[in-house]
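As a plain string of letters, each chain reads:
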Amino acid sequence: MELAPESWIGVGGRLAAALESIAARGPLAAHGLSLNLGGPDPVDTAFVRRLGQFLERYDIGYYGDHLTYCADGGHLYELLPVPYTEEAAHYIAARIRQVQDLLGRRITVENASYYCAPGQEISELDFIRTVLEEADCLMLLDINNVYVNSVNHAYDPVAFVRELPTARIAYAHIAGHTGAAPELIVDTHSTPVIDPVWDLLDAAYAIHGVFPTMLERDENIPPLANCLDEVRRIRAIQAAREHKDTTVLAAGAGGA
């Protein structure tokens, strides 16, 4: 399971007891919303230190945030696109390294959905690869964001996923989205996952191997049974891909 740490740092009473119980039942990941990796304000080192204590207290394995900015002299409460330039990639990588030094661990960064690309000089893919390599961080691969961006910006999502560095992928998100027009879809996490996104997840497993994958649902929350059906579908795709990979390996060994 995954949580937004900003919603839980410093809570007490019933909520703290509930989180203790949840953390004891299985591994947790933390996915932040306010690190502001691409923003002009200095990194909030006091927040990062509190965050580090929180991650240790609940034995949280992965923590990260988005390749966006969300503050400029105050929080803007939106994940806004950064310019895809070499300069911006170096800037964000340096801020990631600062956060990692403070936490004493590598963090994950998520490929963001975006609807405009201000000041773009390099591709989204080159931007992500530069940040990952220079910061020596991990990637939270959002499969739905790749699909959304591929429709909105007219690129091949499988080719995009194929060029990502396998060793950097920590885990993935999968979610639904909303269609605003044939050539424009919006990352809303408010609908069931559609077949092309399921297919892209399977393609990502085929390319990079099976990695942990989390279902996101933020709005129009359905009955729990509906969500669990999608979780079971993730597991079924993982199991089928692992079986195919094992079969190929066995056939290769027999042929040798």
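To be clear, the structure that these remarks concern was listed above.
All figures in this text were calculated on a predicted structure; none of them were measured in a lab.

Undergrad: Got a sec to walk through the pairing of strand β8 (residues 169-174)? Specific residues and values, please.
TA: The element β8 is largely enclosed, with a buried count of six among its six residues. Taken together, the four bridges between strand β7 (residues 138-142) and β8 define a ladder with parallel strand orientation. Residue D142 lies in a different strand from β8, and its bridge partner there is H173.

Undergrad: So what's going on with the packing of aromatic side chains? Residues and values would help.
TA: The full count for this structure, using the stated rule, is six aromatic pairs. Taking 5.1 Å as the distance between ring centres and 55° as the angle between the ring planes, the aromatic pair formed by F54 and Y58 counts as tilted. Residue classification places Y58 among the buried residues on the basis of a relative accessible area of 6%. Here Y155 and F160 contribute two aromatic rings whose centre-to-centre distance is 5.1 Å and whose plane-to-plane angle is 15°, an arrangement assigned as stacked.

Undergrad: A description of the packing of helix α5 (residues 143-152) against helix α7 (residues 195-208) should follow, citing residues and the corresponding values.
TA: Where α5 meets α7, the axes come as close as 9 Å, and the angle between the chain directions of the two elements is 120°. Handedness of the crossing formed by α5 with α7: right-handed. Packed against α5, whose contacting residues are I143, N144, V146 and Y147, the element α7 presents P196, V197, L200, L201 and A204 at the interface. Tallied by class, the residues present in the contact of α5 with α7 amount to eight nonpolar, one polar and no charged.

Undergrad: Could you give me a rundown of the pattern of salt bridges, with the residues and numbers involved?
TA: By the definition in use, this model includes nine salt bridges. The residue D195 makes a salt bridge to R233 at a minimum N-O spacing of 3.3 Å. Remark: R233 occurs in helix α8 (residues 224-255) and D195 occurs in helix α7; sequence separation between them is 38 residues. Taking relative accessible area as the criterion, D195 reaches 46% and is therefore assigned partly exposed. Through salt bridges with shared partners, a single network forms among R106, E133, D136 and R168.

What counts, and where the lines are drawn
- Residues numbered from 1 in each chain as written.
- Predicted model: local features only at pLDDT ≥ 70, side-chain atom pairs only at ≥ 80, totals over all residues.
- Heavy atoms only, no water.
- Buried < 20%, exposed > 50% of the residue type's maximum accessible area, 1.4 Å probe, protein only.
- Helix = DSSP H or I, 4+ residues; strand = E, 2+ residues; numbered from the N terminus.
- Pairing = 2+ DSSP bridges.
- Phe/Tyr/Trp six-rings, centres within 6.5 Å; stacked < 30°, edge-to-face > 60°.
- Axes fitted to C-alpha atoms, helices over the stretch in contact; angles between N-to-C directions.
- Left-handed = near helix turned anticlockwise from the far one by under 90°.
- Contact = heavy atoms within 4.5 Å.
- Nonpolar A, V, L, I, M, F, W, Y, C, P; charged D, E, K, R; others polar.
- Salt bridge = Lys/Arg side-chain N within 4 Å of Asp/Glu carboxyl O.

Any functional reading would require information that these geometric values do not contain.
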